[in-house]
Amino acid sequence: MPSNVIFIHPDGADPSHFAAARFESVGPDGRLNWDEAHNTGVYLGHLDDAVVATSNAGAVVHAYGVKAVAPSYGFDENGEAYKSLAALQGKNVKGATILQEAIAAGRPTAVINSGFNAEPGTGVFLADAESRRDRAGITAQIVESGVSVIMGAGEIDYLPVSTVGRFGEEGTREDGRNLIEEAEAMGYTVVYTRAALESLPANTEKVLGIFAADDTYNDVPEGAL
């Protein structure tokens, strides 16, 4: 049984994307590191109410181990929180996600996003929301979750309106909370650059890395870049 797990959520990807990467980079007869995995399984990606998954409901499937409805960010069609597969099997009475179980067990944990952390690929593992658009609420739940490491973008989601952040943009929180200050009070070391991250002492236990005001990737068509 492995003692450590890294779960990568390549939102929107399926085996055909990895096949295309193989053809382009090493040729049809080549092999990617992905192909060299000791164990590989392909699961059925449909949802309870849709053939094609949404980003948020797909993340619910990964976080809870159960099928979800397309709009879900942790809640079912009746507004009730999903119970994890472990809970349904009587192994986890709280019905927490697999990451919340790890936190409760005292394991070191991390969420890292190539965009902002309220996005479902990371956020669903630590937060429930009526809508994936509730960036403020989801971000607060992530900071409050007890996860060891949080890294991504979205500084505006941590800061209240009228507070200008490190990257020059004003916060969007309307509840007046400054989650960066709250995180520091919880023992998080906050870093904003790669250099600051790499210079952290080896015994640093809690890290909040914020690397852009909104996103860290170019989410516009190539013609607009």
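## Topic: the overall build of the protein
Tallying secondary structure elements over the protein gives eight helices and four strands in all. Order of helices (α) and strands (β) in the protein, N terminus to C terminus: α-α-α-α-β-α-α-β-α-β-α-β. Over its C-alpha atoms the protein spans a radius of gyration of 19 Å, differing by no more than 12% from the 17 Å that the globule rule assigns to 225 residues. Relative to its full complement of 225 residues, the protein shows a buried share of 39%. Long-range contacts, defined as pairs at least 24 residues apart, comprise 44% of the intrachain contacts of the protein with a sequence gap of at least 6.

## Focus: the sheet that holds strand β3 (residues 189–191)
Sheet strands line up and pair through hydrogen bonds in the backbone, either parallel or antiparallel. As summarised here, the arrangement of the four strands in space is β1-β2-β4-β3, forming an open sheet in which the pairing is parallel. The open sheet has two edge strands, β1 (110–116) and β3, and neither has a second partner. Strand-to-strand twist of the sheet, defined as the mean angle between neighbouring strand axes without regard to direction, takes the value 10°.

## Remarks on the packing of aromatic side chains
Each aromatic ring pair is characterised by the separation of its centres together with the angle its planes make. A complete count under the given rule lists four aromatic pairs for this structure. Sitting over the ring of F116, R135 keeps its end group 3.5 Å from the ring centre.

## Section: the pairing of strand β4 (residues 207–210)
Residue alternation in β4 divides its side chains into two sets, V207 and G209 and L208 and I210, and both sets are buried. Sheet topology places strand β2 (residues 149–153) next to β4; four bridges connect them, and they run parallel. In the sheet register, V149 faces β4, and the bridge partner there is V207. Alignment of β3 against β4, held across three bridges, turns out to be parallel. Paired with T189 across the strands is V207, a residue of β4.

Procedures and definitions
- Sequence order as written defines the numbering, with residues in each chain counted from 1.
- In keeping with the predicted nature of the model, local features appear solely for residues at pLDDT of at least 70, side-chain atom pairs appear and are counted solely at 80 or more, and the whole-chain, interface and lining totals rest on all residues.
- To obtain the side-chain values, all non-hydrogen atoms of the structure were included, while hydrogens and water were left out.
- Only DSSP runs of H or I with at least four residues qualify as helices, and only runs of E with at least two residues qualify as strands; both kinds are numbered from the N terminus onward.
- We compute the radius of gyration from the C-alpha atoms alone; for a globule the expected value is 2.2 Å times N to the 0.38, where N is the number of residues.
- Here the term buried applies to any residue with accessible area under 20% of the maximum for its type, exposed to any over 50%, and partly exposed to those in between, with areas from a 1.4 Å probe on protein chains only.
- Contacts between residues were defined by any pair of non-hydrogen atoms, one from each residue, lying within 4.5 Å.
- Strand pairing requires that DSSP identify at least two bridges connecting the strands.
- Only the stretch in contact is used when fitting a helix axis, every axis being a line fitted to C-alpha atoms; angles between N-to-C directions are given from 0 to 180 degrees.
- Only rings of Phe, Tyr and Trp enter the pairing, Trp through its six-membered ring, and a pair is recorded when the two centres are within 6.5 Å. The plane angle decides the type: under 30 degrees is stacked, over 60 is edge-to-face, the rest tilted.
- In this scheme, the term charge over a ring applies when either NZ of a lysine or CZ of an arginine sits within 6 Å of the ring centre and within 35 degrees of the ring normal.

Scope: geometric values only; no functional claims are made or implied.
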